[in-house]
Amino acid sequence: MSCRIVVLLSGSGTNLQALIDSLQGTNTNGQIVAALSNRPAAGGLDRAAKAGIATALVDHQLYADRDSFDQALMAQIDSYQPDLVILAGFMRILTPNFVRHYSGRLLNIHPSLLPKHKGLHTHQRALEAGDREHGSTVHFVTEELDGGPLVVQARIPVDAGDTPQSLAERVQQQEHLIFPLAMHWFIQGRLRLIDNQACLDGELIPVGGLRLDDFETDMRVQADA
Ligand code: GRF
């Protein structure tokens, strides 16, 4: 059975690009059927169009409040009948109603080692906190902002000369590995949310999430598929 995927984004869409690239030339059952943005200028929309993926804009500025925006967004998303909805740099806080509607089929990527540094300006905050490690996390989305069950994390060391910009660049390179990895797990039916807990191959994922380093073989299998 095929897995229909809708990607939501607000920015340049490098994560979307990584997802698209990881599907190409594979015999996967997964297909990105649409990319939706809340911002007209989002570069991710161009990337999707170039890849032959349907695009749509739901501009949050045209809605009176969060509820009406989310209703419109849900209607648009549901018109594509997705099995999985991926938040790839989607910079809007979603209502509980929205999150419940997509429960178990909503994945997000956050640029920190959750539960550290929820919210914005994560690279700056990692530096200010004197963190020796930083990174990114893929997680299922629940009603608590950046608080849903963790799936997989990638870690980078923080160097003495690092700036928010240099951290952002290195973290993004890692995001482009862990997001496709988690997406492929979901497509293959290996990754599921069961009783509000993330499971891989029927086994509970530890609260701190899996580590990318432990899945190099999976990455190779994915590349060969
Ligand atoms: C990513 O770093 C993601 O973690 C954050 O927004 C960024 C999106 O980048 N929430 P892009 O649009 O995928 O290039």
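Residues numbered from 1 in each chain as written. Predicted model: local features only at pLDDT ≥ 70, side-chain atom pairs only at ≥ 80, totals over all residues. Heavy atoms only, no water.

> Lay out the pairing of strand β5 (residues 106-110) with the relevant residues and their values.
Among the 5 residues of β5, 5 are classified as buried, and the element is accordingly described as predominantly covered. Sheet analysis places strand β4 (residues 84-87) next to β5, joined by 3 bridges and oriented parallel. From the neighbouring strand, V85 faces β5, where its bridge partner is L106. Traced from β4 through helix α4 (residues 96-101) to β5, the parallel crossover comes out right-handed. Strand direction decides the pairing type here: β5 and strand β6 (residues 133-140), joined by 4 bridges, are antiparallel. Bridge assignment links H110 to a residue of β6, and that residue is T137. (Buried < 20%, exposed > 50% of the residue type's maximum accessible area, 1.4 Å probe, protein only. Helix = DSSP H or I, 4+ residues; strand = E, 2+ residues; numbered from the N terminus. Pairing = 2+ DSSP bridges. Right-handed = clockwise from strand over helix to strand, strands pointing away.)

> Please give an account of the pattern of salt bridges that cites residues and values.
A complete count under the given rule lists 7 salt bridges for this structure. Its salt-bridge partner being K118, residue E144 comes within 2.7 Å of it at the nearest N-O pair. Here E144 is found in the loop between β6 and β7 (150-157), whereas its partner K118 is found in the loop between β5 and α5 (122-128), with 26 residues between them in sequence. The exposure class of E144 is partly exposed, given its relative accessible area of 46%. Judged by relative accessible area, which is 30%, K118 ranks as partly exposed. A salt bridge links R170 to D162; the nearest nitrogen and oxygen atoms lie 2.8 Å apart. (Salt bridge = Lys/Arg side-chain N within 4 Å of Asp/Glu carboxyl O.)

> Account for the sheet that holds strand β8 (residues 191-194), naming residues and giving values.
The sheet built from 3 strands is open, its strands ordered β8-β9-β10 with antiparallel pairing. Strands with a single pairing partner mark the edges of an open sheet, and in this sheet they are β8 and β10 (203-204). Here strand β9 (residues 197-200) runs beside β10; their pairing, made up of 2 bridges, is antiparallel. Residue L200 lies in a different strand from β10, and its bridge partner there is E203.

> So, the layout of surface pockets: which residues are in play, and what are the values?
Volume-wise, the largest pocket comes out at about 950 Å³. Counting only elements with at least two residues in the lining of the largest pocket, the list comes to α1 (14-23), β5, α5 and α6 (164-187). Its residues assigned to classes, the lining of the largest pocket comprises 15 nonpolar, 15 polar and 6 charged. Roughly 230 Å³ of volume is contained in the second largest pocket. Along its surface, the second largest pocket is lined by 15 residues, and G147, G148, P149, L150 and V207 are the ones closest to its centre. Classifying every residue of the lining of the second largest pocket gives 9 nonpolar, 4 polar and 2 charged. (1 Å grid on protein atoms, 1.4 Å probe; cavity = no way out; pocket = protein on both sides within 12 Å on 5 of 7 lines; lining within 4 Å. Points joined across faces, edges and corners; volume = space filled by probe spheres on them. Nonpolar A, V, L, I, M, F, W, Y, C, P; charged D, E, K, R; others polar.)

> Account for the site of the ligand, with residues named and values stated.
Neighbouring residues of the ligand: G11, S12, G13, T14, N15, G89, I109, P111, Q172 and E175. One of the backbone nitrogen or oxygen atoms of G13 is found 2.8 Å away from an oxygen atom of the ligand. For the ligand, the accessible surface in isolation is 370 Å², of which the surrounding protein chains cover 85%. Put simply, the ligand lies in the largest pocket. Split by residue class, the shell around the ligand holds 2 nonpolar, 7 polar and 1 charged. (Near = heavy atom within 4 Å. Polar contact = N/O pair within 3.5 Å; in protein donor to acceptor, adjacent residues only side chain to side chain. Areas by Shrake-Rupley, 256 points an atom, 1.4 Å probe, with all protein chains shown as cover. Sits in = over half its atoms within 2 Å of the grid points.)

Read these as geometric descriptors, not functional statements.
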